[in-house]
Structures are given as C-alpha cells and as structure tokens.
Amino acid sequence: MTTDPSSTSETLANLSREDRRFEPPADLAANANVTADAYEHAAKDRVAFWAEQAERLSWAERWDTVLDDSKPPFFKWFTGGKLNAAYNCVDRHVGAGRGDKVALHWVGEPEGDTRDITYAQLKDEVSQAANALTELGVAAGDRVAIYMPMIPEAIVAMLACARIGAPHTVVFGGFSADALASRIDDCQAKVVITSDGGYRRGTPSALKPAVDEARTKTDRVEKVLVVRRTGQDLGEDGWDDDVDVWWHDVVGSASTEHTPEAFDAEHPLYVMYTSGSTGKPKGILHTTGGYLVGASYTHHAVFDLKADDDVYWCTADIGWVTGHSYIVYGPLANGVTQVLYEGTPDSPERGRWWQIIEQYGVTIFYTAPTAIRSFMKQGAEIPERSDMSSLRILGSVGEPINPEAYIWYRKVIGGDRTPVVDTWWQTETGAIMISPLPGVTAGKPGSAMTAIPGVAADVVDDEGNPVPNGSGGYLVVTAPWPSMLRTLWGDDDRYVDTYWSRFPASKVGGMGYYFAGDGAKKDEDGDIWVLGRVDDVMNVSGHRLSTTEIESALVSHPKVAEAAVVGATDEDTGQAVCAFVILREEAGDGGEDIVQELRGHVRKEIGPIATPRQIMIVPELPKTRSGKIMRRLLRDVAEHREVGDVTTLADSSVMDLISKGMGSGS
Ligand code: 6R9
C-alpha cells in the first residue's frame, strides 16, 4: 500500500463542495421503520441490538451466545441457535397465511414472457428441487455450483441448496468456462445447476456448453442439472447421459413435501467468489444465522420496507452479492413482492426498465451508478415516457455515485420526491453497512453518510487513529457484525492477512479493525464519502487524488455522460491523471476544443493539481459484469502497454474500440 492519507487533507478540502441536501419526505419520516433514536439505542449495546434484530427470523432453536469473540478474527454469531434459511424465506410466510401473495413477478426478456409465482408455489418448487438434489446425492455440507440466467429456477436452486444445507456457489452466467471450472475446483462442487441458455438482447445465449467445457478442466462434477429455458439445440455432443439430467424430469416429478432440517447458525450458507488485489479470486464464506439477520434487517431498515404494500425491484444479477442479499435472502426473508427481470435494460428498447416499473407499480428500486449514468447519456425523454409515480425510494450500490448522477436519478426517475439511499457494502460484509436511512437522513448527493444502526465504521489514518472531520483515510469497521464473512474458503491465513493484518489488535487494540480496502473521507459534518478502492487512489506530485473525485468533476460537465480516471506513471509527477470520457449523445463529437474545455472544467472544479494530463474521448468503458470499471485495463492503455487479461469484461470487444479510438483526444 503506497497511500498516505494524511497528505490528502489539503486536496480533500477543495473537493466535492456539495451543499445540496434532501430532507426525508414528511410522510415517510412519520411512518419510517427505523427512526433516529435507533443509532443511539444500537450503539449502547451493539450485541444486544443484533439479538433484538434476530427476532425477525424463525429459529428452530434459540442461540446460547449472540457473539462468540473468543478467537478473533474468527467471529461467530448466534452460536447454539438453529434455523433453516429456506424455511425463513418461504415456508413461514405460507404458514402465516400469505401463501397466495406473489413472491416473484418474473419478467423474461422476450416481451410477454412473464410468470407470477406466489409464496405457496415457491415453497412447492423449492421443496421439489430439494428432494431432487437429495436424490442426486447432495447431502448437507456438499457444495453445489449454480450457473444460470435470471430465471425463477435460479432462486429456487439457491433456496433448495439452503434448505438441505448444501452451500451454493453462484457463478455469474456471463463468466467463462475457465472461471466456472476454477470456482468448481476451489470449493469442490459436486453438482452444477445450469440451463440450456438465457436471453440476452433478443437472442438466446447458450450456457450449457460452458459447463461441458468446464468439465473438461475439472473432474469434480458428478451431476449437471439442466433447466430448459431457451429450448436451443444442445447438439450431439452436448448431452452426457451419465452426468446430465433435465430439471423438468427430476425436479418436476419430485414430491412437493419436504421437511426442512434446522442447521447450526454457523452452518455455511454460500461461497461467493470475488476478485482481490492478486489474481486468484477469493471465496468469501457466509454462514446462515448472522447473514440472514443482517440481510433481513438492512433490507427492512435501509429501504423502509413495508412488506404488505411495497413492490420491490433490485436490478442486480444473482451472480453478484447484491443479488444474494437483496434479491434472494433479504427480500424473501421479509416476505415482500418483488420483480425479477431476465434481460438487459435496453431490450427490446431503451425504456424497458421504466415500463416494468410502471406495469408492476414498483415502489422501491435498487440499481447501480453505472446504469444510471448510461441512462443519463440517453437522455430524460426515455424514462419520461413511463409513469413512475409509484416509486418512493431509490437505492444505489456498487461504486460511488457522482453527485450529478444522484441528482439525475432523484429528479428524472424519482420525480424529485424519492430519497436516494447510497449504500456502501461489499461481498465480504454480506449486507449494507453505510447508508442514509430514508426516513431519517437528509441525503447529500455523493455521500453514503453514516454507518447504519448496529454497525461501527470509521475512517482512520495509517496508525489506525480516526481522522478528524474534513480529512481522508482508510475505511474500517471497528466491531464485528452478524453478516460478516467468516473466512475465505479453504484459506484462513489469507482471510486474516487480507482483512485483519492492516490494523491488528496489537496496533489498534480491541479485536483489531476490519480493513475494507476502500479510501474514504469525513466531511465537515463527519459524514462519510467513499472514494473508491485504495488502489485506485493516485499520487500526483505528492498529492493524493481520488479517481472518483475527478470522475465526478468530469461528469458534472454538461457534455459528459461517463468518465473513468486512472493514474498513469509519469516521469515528472510520479503519476498523472488520465481520463477516458464518453460524451452525451446531444454533445455530438464534442467539437475540437472539447478536451481543452474539459481540462479547464476539472481545473476549475477541483484545482490545477487534478487537471488531466490526457483526456481520451471513447465510445465505451470496459466494465465487469457487475458494472465496475476495470481501471487496470485503462491504465494499460494510458501507459501504452499491451492490454492485460480481459476475460472478466462484460463485453471484451470494448477494449478494441477504445484502442482504435486512441487517435482522438490529447
Ligand atoms: C455490494 C458490492 C465492493 C466494493 C467496495 C467499494 C465499492 C460498493 C459502494 C461502493 C462507493 C458505494 N462500492 N458500494 N463505493 N459507494 N455505495 O458492490 O460488493 O462487488 O464486493 O464490491 O464496491 O469499493 O469495496 P462488491
């Protein structure tokens, strides 16, 4: 780590002079699930607070100990307690007379291809799938890989695994056969659940062949369970009778009766792979009780969820942690009705998402800044065609949201009524950690604000001392929380090393701090602004600059739709600011002077030190499937290196487009 937070304060003071504030709407505040006193109440006794939240769930056996901190950083929650996650997400709602309530309004990508699934139907399907998996030889503790498009069976598969205590590892459907094989290998999954394919931008796109290819690279897999979604031809070599079974054969014929077994609170629920700073993905392990408490409470608190009235929609993919916590476990544990959409936002046309919101009367909408910026680029006329007056809360996750994108989101999508909750969390944290509360917080565009009740986060310097307001440093979590990762699958040492060695107990006392890997600053009010990964922080002539701050400045220019900034090695200044910019459609090609105009704009917004050395006008930015900009690849371009590994890009042709366009800009 080469960053030095103390050198940032001067720069930070000049940044983000954002003074717009949005108070919660009065009726929302008056009826909010969580009110301002929750912070103090939780801080008095955090462990007792989480024990109260655990009452949200149905436990087959109560816990003996809320937090076992006898072996930090290997914390355990609700030990002695037993529960079944699938029972909590499905059966108990049916048992409480809500069986006829719609759990999923599923919307397939082809128009008119929809399915409403009630909680009672979900219970039957999950039970059938649980019986089928048992029949295929899956027992509690066995791992199951899930490689599927956004179809209801993906959720059924996850819950069926949870129901029989088989930890799932969902691999994003866009990942390659290699990525799938390495994940199967790492957690030794013996069954893979997949489909023939899924729909993307109007065409069926195959998945099963990637599973076949993955099987040539690992010999772990005993059975492959295949959902028929597209009906596409699998070819002569595309079916292995010894291994492959159709979902409709084995699940469809299985009994809808299944008694869920109660598992220990610390029984593994799932492994989710995420990229670290080194090459090998990390298998983040989440367990049952604490995770479900965290997912359920945060979904209730941060979205002010009223399960009887709200229609909720999170646009994430289930191959990402947001899909796990805020499509599957949080919302279903809370018994809400939600939308699940299979396809891309622009298929068959650019207004698809907004039409879905109108059609189903969506009240809570949760998406990512990258999506918001791409809609900004297309212009407000498209969302304005749909009636979205049902919306009452908007959420954002995945990266810092630029103030301009926040304002656009609130105004154009939310009709200037809806609070925007900018939620900071990670695969590792399992649930939202830092966020406004919609009925309590006066939102500031660009700030994730403060840790939610029950969570203790801070911004610290190299020594682990909290930085004063107005300064920047490292984002840490200073006390354990229920939905925290328990370890990295099969690698306790790497877990300790990655997250707990930066601020160990010997340095900061207590149990040490969890190091999130993000840089952040506290503004004059003590509110937190997440600046992005510390490895995305640049050092220009000894001044530390955040990629995000410069990106925000660029995006605040009326001609700019989206921007990505990287620090490229520079002989004179150590690092120099290089910006890649997508212009708004109405800006045309921006004209000859656009680059000078933008450099001047950044200089004005932040200061001369932040002026980009280079601005390149590009048609697209390289993004992962979860929407994160791959700055590593842009650094390669900026430093005139051969572009590195592009296999995790959502669209690998983007780098060709960018490299070709290198003639433009200066
Ligand atoms: C949920 C998720 C985690 C990283 C995290 C940070 C960035 C997420 C953010 C945010 C600023 C927010 N991040 N939410 N940065 N503001 N509201 O995204 O998990 O894929 O593990 O990514 O994403 O850098 O460290 P994951």
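Here is what the cut-offs are and how they apply
Residues numbered from 1 in each chain as written. Predicted model: local features only at pLDDT ≥ 70, side-chain atom pairs only at ≥ 80, totals over all residues. Heavy atoms only, no water. Helix = DSSP H or I, 4+ residues; strand = E, 2+ residues; numbered from the N terminus. Phe/Tyr/Trp six-rings, centres within 6.5 Å; stacked < 30°, edge-to-face > 60°. Buried < 20%, exposed > 50% of the residue type's maximum accessible area, 1.4 Å probe, protein only. Lys NZ or Arg CZ within 6 Å of the ring centre and 35° of its normal. Near = heavy atom within 4 Å. Polar contact = N/O pair within 3.5 Å; in protein donor to acceptor, adjacent residues only side chain to side chain. Areas by Shrake-Rupley, 256 points an atom, 1.4 Å probe, with all protein chains shown as cover. Core = buried A, V, L, I, M, F, W, Y, C linked by side-chain atoms within 4.5 Å. 1 Å grid on protein atoms, 1.4 Å probe; cavity = no way out; pocket = protein on both sides within 12 Å on 5 of 7 lines; lining within 4 Å. Points joined across faces, edges and corners; volume = space filled by probe spheres on them. Nonpolar A, V, L, I, M, F, W, Y, C, P; charged D, E, K, R; others polar. UniProt positions renumbered as here; feature names shortened; annotations may be inferred. Expected span 1.5 Å × (residues − 1).

### Regarding unusual backbone geometry
Across residues other than glycine, the phi torsion is negative in most instances, and most of the peptide bonds are trans. The omega torsion across Pro72 and Pro73 is 0°, close enough to zero to call that bond cis. Within the secondary structure, Pro73 is located in the loop between β1 (65-68) and β2 (76-79). Cis geometry marks the peptide bond from Ser347 to Pro348; its omega dihedral reads 0°. Positive phi outside glycine occurs at Phe78, with the angle close to 55°. Mapped onto the fold, Phe78 is located in strand β2. Of note, the phi angle at Asp416 is positive, near 60°, even though the residue is not glycine. Its location among the elements puts Asp416 in the loop between α16 (403-413) and β20 (420-423).

### Focus on the packing of aromatic side chains
Summed over all chains, the structure comprises 36 aromatic pairs. Between the aromatic rings of Trp239 and Trp246, the centroid separation amounts to 4.6 Å while the plane-to-plane angle is 20°, which identifies the pairing as stacked. Ring centres of Phe503 and Tyr513 lie 6.5 Å apart, and the angle between their planes is 45°; this geometry places the pair in the tilted category. Placement of Phe503 in the loop between α17 (492-500) and α18 (505-508) and of Tyr513 in the loop between α18 and β24 (514-522) is noted, with a sequence separation of ten residues between them. Its relative accessible area of 0% is what places Phe503 among the buried residues. Each member of the aromatic cluster is reached from another via a ring pair, and the members are Phe74, Phe75, Trp481, Tyr495, Tyr499, Trp500 and Tyr514. The ring of Phe515 carries the charged tip of Arg502 above its face, separated from the ring centre by 5.8 Å. A cation over an aromatic ring shows up here: Lys521 above the ring of Trp529, its NZ or CZ 5.0 Å from the ring centre.

### Looking at the site of the ligand
Every one of the 17 residues lining the ligand counts as a neighbour, but Asp422, Thr423, Gln426, Thr427 and Asp518 are closest to it. Contact between the ligand and Glu399: a nitrogen atom at 3.5 Å from a main-chain N or O atom of the residue. Here a nitrogen atom of the ligand and a side-chain polar atom of Asp422 are 2.7 Å apart. Within the complex, 94% of the 520 Å² of free accessible area of the ligand lies under protein. Breaking the shell around the ligand down by element, the ones donating at least two residues are α12 (321-333), β20 and β25 (528-533).

### A few points about the nonpolar core
Leu159, Ile193 and Tyr329 are the most contacted members of the largest nonpolar core, which totals 118 residues. Residue contributions to this core peak at ten residues, all from helix α7 (residues 152-164). In terms of nonpolar packing, the next biggest core, distinct from the first, is built from 31 residues, Ile356, Ile382, Leu394 and Val412 among them.

### Here we look at empty space enclosed by the protein
The tally for this structure, following the rule as stated, stands at seven cavities of 30 Å³ or more. Considered as a void within the structure, the second largest cavity measures approximately 70 Å³ in volume. In terms of lining residues, the second largest cavity is bounded by 13 residues, among which Phe22, Pro419, Val420, Thr441 and Gly443 are the most central. Secondary-structure elements contributing two or more residues to the lining of the second largest cavity are α16 and β20. The class makeup of the residues in the lining of the second largest cavity is nine nonpolar, two polar and two charged.

### Overview of the UniProt feature "domain: AMP-binding enzyme C-terminal" (unreviewed entry) in the chain
Here, the residues flagged by UniProt with the feature "domain: AMP-binding enzyme C-terminal" (unreviewed entry) are residues 549-628. End-to-end, the C-alpha atoms of residues 549-628 are 16 Å apart, and along that stretch the chain is 24% helix and 31% strand.

### Structural notes on helix α11 (residues 289-302)
Between its first and last C-alpha, α11 extends 20 Å over 14 residues, near the 20 Å set by a 1.5 Å rise per residue. Most of α11 is tucked away, with 14 of its 14 residues classed as buried. Positive phi appears at Asp304, one or two residues downstream of α11, with a value of about 50°.

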